[in-house]
Amino acid sequence: MRRENLNYIIGLITFLGACSGDETIDGFTNQEWAEIAKLSPLGDPPPDPTNRVANDPGAAALGQMLFFEKELSGPVTFDATPGEGALGVTGDIGRYACTSCHDPAHNFVDVRSNPVATSLGTGGWLGHNALTLVNAVYYDWTGWWGFVDTLWGHSLIGVEAGIAANGDRLRTAHLLYAKYRTQYNAVFDPDLDPALDPAAVDAARFPASGKPKAPMAPDGDWEMMAPADQALIVQIFVNTSKACNAYLRKLVKKQAPFDRYVAGETTAISSKAKEGLKLFIGKAACIKCHEGPFFSDQKFHNTGVPQEGLHVSTMDTGRDLGIILVKGPLREWSSAGANSDDTSASKVDALVADPKDMGAFRTQGLRNVAGTAPYMHTGQFADLREVIKLYNEGGKKTGFVGVVDDLIKPLNLTDPEIDALVAFLETLTGEPLPAELLTDTSVP
Ligand code: HEC
Ligand code: HEC
């Protein structure tokens, strides 16, 4: 059926809807169509006033180079068991890039760590499943806990965290000066300080590596620097992350078969998938949390996922900890902090923790979900069927902190109904990203 025809019929039925509730189009009632229409299309990413260079092409190009750049990472401090996918042994430097855990060839998820449920970084196992970065720009809060609300803030935390890349802001500034000076200076003011050149007469102003109070950094001389020089380095570090953010903003996949279906192409998805769609908005009630064109309410819920798996902590307080972090030590990297280019719309300071935040995790957007296994913050489910089986049980009763959300109840789905839901989720995969966004452009 052509789009105009379908729209015409939806309009007609809505008009007649008051007197008869029985009309159906392609098996859906008009009430159901009203729900379905809210799920498509996905609009452009929201603007990001916290990042002045969010839409700057030069910043995005620099961000892409840095995304593939291993020299951002500092020394490995953990020796994994052979076969676990480690990229170095204690003392090795420059082994981990963002791509080590967000592989562009695999929807920006980790395919290296073994087991792949959680990620192995410079300092050990991160304890959470690596998130895809495709469409990450649509989230209000980043990470499973929502521990900041800026992609640039999340990126620089990743660089400096001892367990992830163990890099630091001074190392980053020197790397930029040595390899990306032209690109950086073209986008940001002021230009990189010439004292970052190790041959400069005043090179001692900027030690080779260091971050505030970082005992693990072998030559971490941060505290000895002049405050004005510290401020310069923080600025460079934040700018670098804002460039990364400009690149991540381009990793957007929108047009999926489901969108073509809603736009009127009745054959764009299978009849099995349509059955799944009916369940998604009806009996299975997935839409209660996975709502809107991004398929996420942008909230946090306890869905009864047990803390199970080899490198998963036995206790994870989820969003409760996220709120403590974003209002405390990570506030400086959030929309509310001094590094944000616009604090006016920030929701950080108004956050108040609720008992429901205990063991709650971010509602994942479900677009492209068929390509981002394994699933949940623990990465414990290898396929979508397993995820739906957990929902079908109404979540587990024990093995996690907090209380399961009221919206999670046993669903009494039959096996064919579970298959239909999987078939529906598979129709949410968008067109592939342009190859140039997946290319390693880092300077050798
Ligand atoms: C050692 C593995 C590892 C490395 C290296 C790494 N990440 Fe991550 N990344 C993760 C994991 C695991 C998560 C999920 C973290 C969480 O929420 O607990 C994540 C989450 C994210 C998110 C949040 C996405 C969302 O949906 O909210 C962003 C953004 C991100 N990473 C960017 C980066 C960038 C940029 C780099 C390089 C500077 C990087 N990461 C390096 C493992 C890694
Ligand atoms: C109460 C809110 C809620 C309901 C209802 C709900 N979900 Fe979720 N969903 C979430 C949250 C929160 C997560 C992340 C949970 C975690 O990792 O602990 C999630 C995760 C997922 C994931 C894994 C995504 C990933 O990236 O790992 C899939 C798939 C999913 N949900 C599908 C569904 C389906 C299908 C239904 C209906 C049967 C459903 N959800 C119902 C809140 C909900």
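About the thresholds
- Residues numbered from 1 in each chain as written.
- Chains lettered and ligands numbered in written order.
- Predicted model: local features only at pLDDT ≥ 70, side-chain atom pairs only at ≥ 80, totals over all residues.
- Heavy atoms only, no water.
- Near = heavy atom within 4 Å.
- Polar contact = N/O pair within 3.5 Å; in protein donor to acceptor, adjacent residues only side chain to side chain.
- Helix = DSSP H or I, 4+ residues; strand = E, 2+ residues; numbered from the N terminus.
- Domains from an automatic or database assignment.
- Contact = heavy atoms within 4.5 Å.
- Buried area = accessible area lost by both parts, 1.4 Å probe.
- Salt bridge = Lys/Arg side-chain N within 4 Å of Asp/Glu carboxyl O.
- Nonpolar A, V, L, I, M, F, W, Y, C, P; charged D, E, K, R; others polar.
- Donors = N, O, S within 2.8 Å, 3.2 Å for Na, K, Ca; no water.
- Tetrahedral: all angles 85-135°; square planar, octahedral: opposite > 155°, others 65-115°.
- Buried < 20%, exposed > 50% of the residue type's maximum accessible area, 1.4 Å probe, protein only.
- Core = buried A, V, L, I, M, F, W, Y, C linked by side-chain atoms within 4.5 Å.

A few words now on the site of ligand 2. Taken together, 23 residues form the shell around ligand 2, and within it Cys286, Cys289, His290, His377 and Tyr391 come nearest. Note that an oxygen atom of ligand 2 is positioned 2.8 Å from one of the backbone N or O atoms of Met376. Take His377: an N or O atom from its main chain is 2.7 Å from an oxygen atom of ligand 2. Those elements giving two or more residues to the shell around ligand 2 turn out to be β6 (361-362) and α11 (384-393).

This paragraph deals with the domain arrangement of the protein chain. It is common to give the size of an interface as the accessible area that goes away when the parts come together. We note that the domain assignment places domain 1 (3-46 + 253-428) and domain 2 (57-252) within the protein chain. Computed over C-alpha atoms only, the centres of domain 1 and domain 2 are separated by 30 Å. Contact residues are listed per partner, giving 47 residues for domain 1 and 40 residues for domain 2. Here domain 1 packs against domain 2, burying approximately 3,800 Å² in sum over the two surfaces, 60% of which is carbon and sulfur. Of all residues in domain 1, His311, Trp333 and Arg362 bury the most surface against domain 2, accounting for 22% of the area lost on that side. Between the two partners, domain 1 and domain 2, sit one salt bridge. Applying the counting criterion to the domain 1 and domain 2 interface returns 20 residue pairs in polar contact (both at pLDDT 80 or more). At five residues, helix α10 (residues 319-327) tops the list of elements feeding residues into the side of domain 1 that touches domain 2. Residue composition of the side of domain 1 that touches domain 2, by class: 18 nonpolar, 20 polar and nine charged.

Here we come to the site of ligand 1. Residues in contact with ligand 1 amount to 26 residues; listed here are only the nearest, Cys98, Cys101, His102, His128 and Gly143. In the environment of ligand 1, an oxygen atom lies 2.5 Å from a nitrogen or oxygen atom belonging to the side chain of His128. For the shell around ligand 1, the element with the most residues is helix α4 (residues 151-160), which contributes four residues. Looking at the shell around ligand 1, its residues break down into 16 nonpolar, nine polar and one charged.

Here we come to the coordination of the iron atom of ligand 2. For a metal with four donors in a tetrahedral arrangement, the ideal angle between donors is 109.5 degrees, while six donors in an octahedron ideally sit at 90 or 180 degrees. Distances from the iron atom of ligand 2 to its protein donors, His290 (NE2) and Tyr391 (OH), fall within 1.9 to 2.1 Å. Geometry at the iron atom of ligand 2 is octahedral, judged from the six donor atoms that bind it and their angles of 81 to 178° at the metal. Of this pair, His290 sits in the loop between α9 (271-281) and β5 (300-301) while Tyr391 sits in helix α11, placing them 101 residues apart in sequence. Residue His290 is classed as buried on the basis of its relative accessible area of 10%.

To continue, consider the coordination of the iron atom of ligand 1. From the protein, the iron atom of ligand 1 takes a single donor atom, His102 (NE2), 2.1 Å away. Position of His102 relative to the elements: it lies in the loop between α3 (57-67) and β3 (120-121).

Before going further, it helps to spend a moment on the environment of Trp152. With respect to the helices, strands and loops of the structure, Trp152 is situated in helix α4. For Trp152, a relative accessible area of 0% corresponds to the buried category. The sequence separation of Trp152 and Ala173 amounts to 21 residues, and the corresponding C-alpha distance is 16 Å.

Let us now look at the nonpolar core. In terms of nonpolar packing, the biggest core is built from 51 residues, with Leu62, Leu176, Leu196, Ile233, Ile236 and Trp333 touching the most fellow members. Among the elements that line this core, the one with the most residues is helix α7 (residues 227-248), at eight residues. Two domains each put at least three residues into this core: domain 1 (3-46 + 253-428) and domain 2 (57-252). The contact partners of Ile236, leaving out residues within four places of it in the chain, are Ala173, Leu176, Tyr184, Leu192 and Leu196.

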